[in-house]
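Close look at the chain arrangement
So the chains spell out like this:
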Amino acid sequence: MKRTHTCGALTDQHIGQTANLCGWVDSIRDHGGITFIDIRDRAGLTQLVFNPENDQALAERASRLKPESVIGVHGEVRPRPAETVNPRLPTGAIEVVGRELEIFNISDTPPFPIDDAKGDKVNEDLRLTHRYLDLRRPRLRKAMEVRHKASKTVREVLDEEGFYEIETPFLFKSTPEGAREYLVPSRLNPGEFYALTQSPQQFKQMLMVAGMERYYQMARCFRDEDLRSDRQPEFTQVDLEMSFIDREDMYALIEKLVARVWKEVLDIDIPTPFPRMPYAEVMNRYGIDKPDTRFGMELVDVGEIFGETEFKVFRGVLDKGGAIKAFNAKGLADLTQGELTNLTEIAQSLGAKGLAFIKADKGQWKSPILKFFTDAEKAALAEVLEIEDGDMVFFAADQWTRACTILGRIRLEAANLLKKRERLTIAPDAYNFLWVVEFPLLIYEEEEQRFVAAHHPFTAPVPEDIDLLQKDPKAVRGQHYDLVLNGVELGGGSIRVHQPDLQKTLFEDIFAIPPETVQERFGYMLKSFRYGAPPHGGIALGFDRMVAILTGTTSIRDVIAFPKTQKGQCLMTDSPGPVTDRQLRDLHIQTLVQED
RNA sequence: GGGGUAGUAGCUCAGUUGGUUAGAGCGCCUGCCUGUCACGCAGGAGGUCGCGAGUUCGAGUCUCGUCUAUCCCGCCA
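Rules behind the numbers
- Residues numbered from 1 in each chain as written.
- Chains lettered and ligands numbered in written order.
- Predicted model: local features only at pLDDT ≥ 70, side-chain atom pairs only at ≥ 80, totals over all residues.
- Heavy atoms only, no water.
- Patch = residues over 30% accessible without salt bridge, like charges linked within 9 Å, V, L, I, M, F, W, Y side chains within 5 Å.
- Areas by Shrake-Rupley, 256 points an atom, 1.4 Å probe, with all protein chains shown as cover.
- Salt bridge = Lys/Arg side-chain N within 4 Å of Asp/Glu carboxyl O.
- Helix = DSSP H or I, 4+ residues; strand = E, 2+ residues; numbered from the N terminus.
- Axes fitted to C-alpha atoms, helices over the stretch in contact; angles between N-to-C directions.
- Parallel < 35°, antiparallel > 145°, perpendicular 65-115°, else oblique.
- Contact = heavy atoms within 4.5 Å.
- Nonpolar A, V, L, I, M, F, W, Y, C, P; charged D, E, K, R; others polar.
- pLDDT = per-residue confidence, 0-100.
- Core = buried A, V, L, I, M, F, W, Y, C linked by side-chain atoms within 4.5 Å.
- Buried < 20%, exposed > 50% of the residue type's maximum accessible area, 1.4 Å probe, protein only.
- Pairing = 2+ DSSP bridges.
- Near = heavy atom within 4 Å.
- Polar contact = N/O pair within 3.5 Å; in protein donor to acceptor, adjacent residues only side chain to side chain.

A few words on a nonpolar patch on the surface. Residues Tyr132, Phe562 and Met572 make up a contiguous nonpolar surface patch of about 290 Å² in total accessible area. Relative to the elements of secondary structure, Met572 occurs in the loop between helix H16 (543-551) and helix H17 (581-586).

Here it is in C-alpha cells:
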C-alpha cells in the first residue's frame, strides 16, 4: 500500500475523500466492538476507526495490533460526531474509517514508553541503547527538524553572501598544542599516524591563500577530551573564513546569519547589532568570559571603599595590588547552612581561602567580618551594592583575575539557588547575544615559564599593540572575538596573522617553540604566506550548542542523532570495540591491554 | 585523575531502626466492553534489590570494593 497523505495532513477539508495512511500504531483503544487506533508518522497523528458492523474480520485484525507496529490503512475521511471532536489534536475534527489494513511489521513491546512526558524520565542509557525508539518521540523528532532547518538556513545565508562550501580532510597530522586528538594508524606508512582534525583551522587558512576568498563548512570536529553535557568527542561547527575583511565585517555577517536562523526556526526577531564588551569589562562585571547577561547581580569593585581598612585580609590584598570584589545576591538571605558550605567549597576549589559574606536579615547585618568594618565603609557598601533587607552579599579578595573568577562562579550558583526559590525568573525566550572582544593575545604559563596563545597561535594582534609584543606581551590585545549567548560560548574566531615574518616571530620568539619544531609543524604554512597571503579572518560557531539553545535543552546529546556517553561509547552499536590481531598487524601496532 | 547524584518488576518509583512472603502506578497477558482519545472494568504473570566481598542469628537497608549512567572540577591552543 502506497501512502497518499501524511497523518498530519488530513483535516475537515478532506472529508469524503479516500486516503492511504502509513505509520506507527501510537495507541489502540479496543471497545470490544468498535476499535480506535491512532496512527502516527513524522507529520502527526490521525485517528482510525474500525467498526465490526462494516467488516468483522478487519476490525478483529485491527484490535489485535500492538503499539509501535507499522501499518498501512486505506479508508475514507469523515467528520467525527460533534461531541467526540478532540480539540487537542490538529486532526481532531476528522477520522479515517478503515477499509483495508496492511501490516508491514508487528512490533515487540518497546522497552520504554514512546512518549515525551514519560520518555524524558527514562534512564538515558536505556534510551541511547534503543536510540531508534527514542528518536521516535516527538521531542527528539522535533529536535532533528530544528537542526535541519538551522543548517539549511546557514547554508542559504552563506550562499547568498558568496561563500563556497568546501570540504577539508578529516585525516590530518598531529598538532600536539591544543586538544588531545584521535589518532589513526597509517597502514601504508608503518609507525606513522594521522590525527582527526580537531578543527579545520589550518586548511581554511590555506583556502584563503588559495584565493577562495570565502569558505564555509558544516565541519565535523574531533577532540579526545573528557565529555560534558555540552561536549561530545565529535561535534559540528559552522566553520568559515573570509579574505579582505576586518572585525566589523565579521560581526555584521554573523549577526545577519544568527538573526536569520532565529527567524526561520523560531520566528523570533533578534535585535542587531549585538552588544560588545571588552574582556576586561566582562571579567569585572561578571567574573567569567562568557557571561549570562539575562540577569543582574553584577560584580562590583569595592577596593576603594576599603582604601583605609585595617582588616588584615583586605589590607594585605590591596597592598599587593589585588582586588576586592563583591556582589549582591538579591533576596538570598535565607541561604541554608548546607548551601553556604557548598558555595564556600566551590570558592575554595577556585583558590579562595574562604567566602566572606554579609547577610541582611530582619533589619540587621550578620557577618563574621562585620566587626572589621567602619560605619562609613558599611554605609558605602549599602549604597553601591544597594543592600536591602533579605539580601546576601558575597566578597572575594584576591589577585584581580582570581577574585573575579571566584565571584563569577558564585554569582551563577546564587542565581540557581534563587531560581529554585522562584525569586529569579528568566524568560524562556530571552536570547542575550554578546560579542566579547579585546582578549589578551597571550597568557603566561607559569609551569612552562613561557607565553602561550590565549586562543590559537594564528590570531593577529590589534595593530596598535604590535609594538608591545616584545616590551609588554601581557598587554597585547588580540583581534579575537567570542560570540556568547545566555552564558554559553557559541563560537569564536579572529583576524589571522597573514605576514610570514610576524607569524614566525610569534612562534619562535613569543611562544618559544624551537625553530625545528616550527618548521616541522607549520613550515608549509609559513611558506604559503610567502606566496601572496591575503589578510583574512574567520570564526567557528558550535552548531550543536546553537541547536540545543534553539530547542531549549542544555544537553547537546538531545540534538545529536547518535551521541556518545560520558565514556565515549555508543550504546546502540556498542562502539568502540576490539579488533582482530590481523588488523593490528596490518596497521603495525600493538596494544598493551590484555583481553580477558 | 578528583568530587557529587543515581542504580529495587519491562518503565518510573516507594521500601521506616537491619526482622514474616519486597510494594505502587504505568506497561504486558487473559477476559468483558460499540464513540474512545492517558478509554473503562475484572483477573493474572512478572524480582540475581547493578555486581562481589564483609559485618550480623538475620542485609534491599550497614561497611568496603567494583561496574554503569549522569552532573561538575581538572582537561577542551
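Next comes the rest of the write-up.
As a further point, take the packing of helix H8 (residues 279-286) against helix H12 (residues 400-420). At a minimum axis separation of 7 Å, H8 and H12 run at an interaxial angle of 55°. Regarding the angle of H8 to H12, the classification is oblique. Contacts between H8 and H12 involve Ala280, Met283, Asn284 and Tyr286 on the former and, on the latter, Trp400, Thr401, Cys404, Thr405, Gly408 and Arg411. Residues belonging to the contact of H8 with H12 are distributed by class as follows: 5 nonpolar, 4 polar and 1 charged.

So, about the confidence of the model for chain A. Confidence in the prediction for chain A averages 94 pLDDT; 99% of positions are at 70 or higher. Model confidence for the complex: the whole-complex pTM is 0.95, and ipTM, which rates the interface, is 0.93.

Residues Leu158, Leu240, Ile254, Trp262, Phe433, Trp435 and Leu483 are the most contacted members of the largest nonpolar core, which totals 45 residues. Dropping the residues within four chain positions of it, Leu483 is found in contact with Ile254, Val258, Phe274, Phe433, Leu434, Trp435, Val488, Glu489, Leu490, Gly491 and Leu541. Formed by 27 residues, the second largest nonpolar core is a distinct cluster that contains Phe327, Ile346, Leu407 and Ile426.

Here strand S7 (residues 171-172) pairs with strand S9 (residues 193-196) via 2 bridges, running antiparallel. In the strand pairing of S9, Leu171 is matched with Leu196. Relative to S9, strand S8 (residues 183-185) is paired through 3 bridges, and the arrangement is antiparallel. What sits directly across from Val184, in S9, is Tyr194.

Take the protein's contact with RNA strand B next. Neighbouring RNA strand B are 51 residues, the closest being Thr84, Glu95, Glu225, Asp226 and His455. Near the protein, meaning within 4 Å, the atoms of RNA strand B are sugar or phosphate in a fraction of 52%, with bases accounting for the rest. At a separation of 3.3 Å, a base nitrogen of RNA strand B approaches a polar backbone atom of Gly32. In this structure, a base nitrogen belonging to RNA strand B sits 2.7 Å away from a side-chain N or O atom of Gln47. Elements with a minimum of two residues in the surface near RNA strand B: strand S1 (18-30), strand S2 (35-41) and helix H3 (124-129). Across the surface near RNA strand B, the residue classes break down as 12 nonpolar, 17 polar and 22 charged.

Reading around the barrel, the 5 strands line up as S1-S2-S3-S5-S4 and close back on themselves, with mixed pairing between neighbours. Averaged over all pairs of adjacent strands, the angle between strand axes in this sheet comes to 55°, irrespective of strand direction. Examined bridge by bridge, S2 and strand S3 (residues 44-50) share 7 bridges and lie antiparallel to one another. Among the inter-strand pairings, Phe36 is bridged to a residue of S3, identified as Val49. Contacts between helix H1 (residues 56-63) and the sheet are confined to S1, S2, S3 and strand S5 (94-105), with S5 contributing the most and set at about 70° to the helix.

With respect to the element layout, His456 can be found in the loop between strand S20 (450-453) and helix H13 (468-471). Taking the C-alpha atoms as reference points, His456 and Leu434, separated by 22 residues in sequence, lie 21 Å from one another.

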